[in-house]
Amino acid sequence: MAGGCSIRALWILNNVDAVVFSRRFPVVEKQWRTAYKIENESHSGDDDAVKYTSLPILPNDSELAAAFLDRKKREGSARGYGIRVTQSTEGSDSWVDDPITRHVISLRIETNGEGEKHLLWPLILHIKGSYTVLVLPLVELRHLKAYASLCSRSDCGHAAGVEGSLSSLLLDLPSITGAFMVAHAIGDIITGDMVDPEVIVNASPSVGGLLDSLTGSIGISGISSRAKPVAAPVASANSSGMAVSGAAASDAPKVGSRSLDKDALRTFIISSMPFGTPLDLNYSNIFSIKANGFSSSDTPPADLKQPAWKPYLYKGKQRILFTIHETVNAAMYDREEISDTISIAGQINCRAELEGLPDVSLPLTGLNKAHVEVLSFHPCAQVPEHGMDKKAVMFSPPLGNFVLLRYQASCGLGPPIKGFYQLSMVSEDEGAFLFKLRLMEGYKAPLAMEFCNVTMPFPRRRLVSFDGTPSIGTVSTTEHSVDWKINTSGRSLSGKSIEANFPGTVRFAPWQIQRSLSSKPGYGTIGDEDSDTDIDSTKNIVNVEDFLMEKMSKDLPPVDLEEPFCWQAYNFAKVSFRIMGTSLSGMFIDPKSVSIYPAVRASIESSTQVTSGDYILWNTLGKCPSAVTG
């Protein structure tokens, strides 16, 4: 069973915890039963035999649904507590005292009304829309027994990475990563959220500056003489809502949030993971194969093996496009006792329009200088070890756009937006605020900020009036927010930094006390130090998610709660921006260093885009959450 990933079964449950779709893989299950039989024969005289822990066969749908519902009641919610609390019982996931158990869960299966419950683990839990996806990968029985032991120990969880901890156990299981990929792919199909990464094409007479959106897009010219699928428009992946020149199209159908499309799921599962082994989780490829089939022009040369991720051979003008896309996340406190934090999540998107089945070599150098901490690669890539500062990525590219690699890094240039945000309530219904910001300080051309917006959300209060004039930009308001557009000239900020100040006042509608959930019994196991009532019930907790929502939405109808960070005195401003030119981490692609085997004449282009993720300016005059460094 060592190495790779095989899936024993998967289940999809709806919002009332009923199984609406399931799939079992007999080939993989036969491997499990064989291993189970060998293990129990070797421990035939042992009281701690695996048969007392696990099941030799998979549960049916009703047994699994009953066990999942039982876990929700025991753990407080579908995901569970993740840490050991007073409600935790020995043998439960929360007893392990590790937040990973909110995503890798176990179920206790009761069969045939025997009363004895057997352990089913590891189940990957993925919640998407109104559906819950459970994926069960194949693991060795010793791993199952190790987890059962963790569920019964008396002490709380060890530190991450320590031998005997859950994290060290999962690191020995590559199938966990594959199962997560399967769960997320199925979740995207269920909800229709098959938004794929962007590859930006530089403006030129030949391409017209179009923005290709990942479609796995079989709609490129010259694939074959047959008709291609009708392209359905998809939204740009830009969260900013700013206009982007060009068009985006997708060949993949939208399954949407309507009733479950079981035919689409069956097609995807049969094609993407035959016999339970995931091969290609690109839904666009699978849809195109179903819609178009194959022709003689799609047959590769006899001496070449066609990979699963490239079902069709490209014919036409040859080129390779790379886009480095980085997302900046930051928490800016402007306090001596709390350090600001900033991190970058990056990926290199690629589109390789190459004839035949060539290999592409992409050298990555200066990784230490780029502060790259974590790297993961597409299945088509092979990465021989060349030290931490240099790697050579060799890959056989699939059709369409794909994510070649992902990485985590620190920001080598410092935060693109510095400064502080202050909000002070001068009365119950009126507040005074002040922004002092510096944009692009220390940033030089070719880096250019295309836009920068700042939003002050007030989900708990209704805004009735606003007064203030920023030193630059324009302001608009909604019932629950003030929106400041700093860069509105249409021209990018490049080669210089600017200072932006914004003082003002906000007035809210009179405060109305609305008890929406606080009258419910059964809450109070987590400290409620700011509550004006004492709750002492610790035995009848129904749902930990409801408890947290009650705590956050005290005096507020839940429907008005849009930002979970705006809780009690926690308030913040959120910054959104886009920067073009080069990466902030130092990740760089030199088109001249890219090699293609066998050698062909192909243009190679590289572009970079940096966007904001959760870029938060915490109110320096209020409470704020922060991580404690050990």
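For the protein chain, the name recorded in an unreviewed UniProt entry is MHD domain-containing protein, with Rhizophora mucronata as its organism. Reading the Subcellular location (unreviewed entry) entry of the UniProt record for the protein chain gives the comment "Endomembrane system". Under Sequence similarities (unreviewed entry), UniProt gives the following word-for-word description of the protein chain: "Belongs to the adaptor complexes medium subunit family."

Draft legend 1. Broad picture of the overall build of the protein chain. Across its full length, the protein chain holds 8 helices and 25 strands. Burial status across the protein chain gives 48% buried among its 630 residues. Considering only intrachain contacts with a sequence separation of at least 6, the fraction spanning at least 24 residues in the protein chain is 71%.

Draft legend 2. Structural context of helix H2 (residues 61-75). Taking 1.5 Å as the rise per residue, H2 with 15 residues should run 21 Å; its terminal C-alpha atoms sit 21 Å apart, in good agreement. Among the residues making up H2, those that are buried are Glu-63, Leu-64, Ala-65, Ala-67, Phe-68, Arg-71 and Glu-75. Of the residues trailing H2, Gly-76 is marked for its positive phi of about 90°.

Draft legend 3. View of the sheet that holds strand E13 (residues 390-395). Pairing in this open sheet of 4 strands is antiparallel, and the strands run E12-E13-E10-E24 from one edge to the other. Only two strands of the sheet have a single neighbouring strand rather than two, namely strand E12 (381-382) and strand E24 (595-597). The pairing of strand E10 (residues 359-365) with E24 spans 3 bridges and is antiparallel. Bridge pairing in E24 places Asp-359 opposite Tyr-597.

Draft legend 4. Here's a closer look at the nonpolar core. Counting residues in hydrophobic clusters, the biggest one holds 46 residues, and the most contacted among them are Trp-121, Val-135, Tyr-147, Ile-186, Phe-268 and Met-273. A per-element tally of this core places helix H5 (residues 174-191) first, with 8 residues. Those residues in contact with Ile-186 that lie beyond four places of it in its chain are Leu-10, Ile-12, Val-133, Leu-265, Phe-268 and Met-273. Formed by 38 residues, the second largest nonpolar core is a distinct cluster that contains Val-328, Cys-411, Phe-508 and Ala-573.

Draft legend 5. Spotlight on the packing of helix H1 (residues 26-42) against helix H3 (residues 141-150). The interhelical angle for the contact between H1 and H3, taken along N-to-C directions, is 70°, at an axis separation of 10 Å. Overall, the two elements H1 and H3 adopt an arrangement that is roughly perpendicular. Of the residues in H3, those touching H1 at Trp-32, Ala-35, Tyr-36 and Glu-39 are Leu-141, Leu-144 and Lys-145. Among the residues forming the contact of H1 with H3, the class breakdown is 5 nonpolar, no polar and 2 charged.

Draft legend 6. Inspection of the confidence of the model for the protein chain at higher detail. Per-residue confidence for the protein chain gives a mean pLDDT of 77; residues scoring 70 or more make up 73%. Across residues 204-257, where pLDDT falls below 50, the model places 136 contacts with residues more than four positions away in sequence or in other chains. Counted against residues more than four places away or in other chains, residues 514-542, with its pLDDT under 50, gives 50 contacts.

About the criteria used
- Residues numbered from 1 in each chain as written.
- Predicted model: local features only at pLDDT ≥ 70, side-chain atom pairs only at ≥ 80, totals over all residues.
- Heavy atoms only, no water.
- UniProt positions renumbered as here; feature names shortened; annotations may be inferred.
- Helix = DSSP H or I, 4+ residues; strand = E, 2+ residues; numbered from the N terminus.
- Buried < 20%, exposed > 50% of the residue type's maximum accessible area, 1.4 Å probe, protein only.
- Contact = heavy atoms within 4.5 Å.
- Expected span 1.5 Å × (residues − 1).
- Pairing = 2+ DSSP bridges.
- Core = buried A, V, L, I, M, F, W, Y, C linked by side-chain atoms within 4.5 Å.
- Axes fitted to C-alpha atoms, helices over the stretch in contact; angles between N-to-C directions.
- Parallel < 35°, antiparallel > 145°, perpendicular 65-115°, else oblique.
- Nonpolar A, V, L, I, M, F, W, Y, C, P; charged D, E, K, R; others polar.
- pLDDT = per-residue confidence, 0-100.

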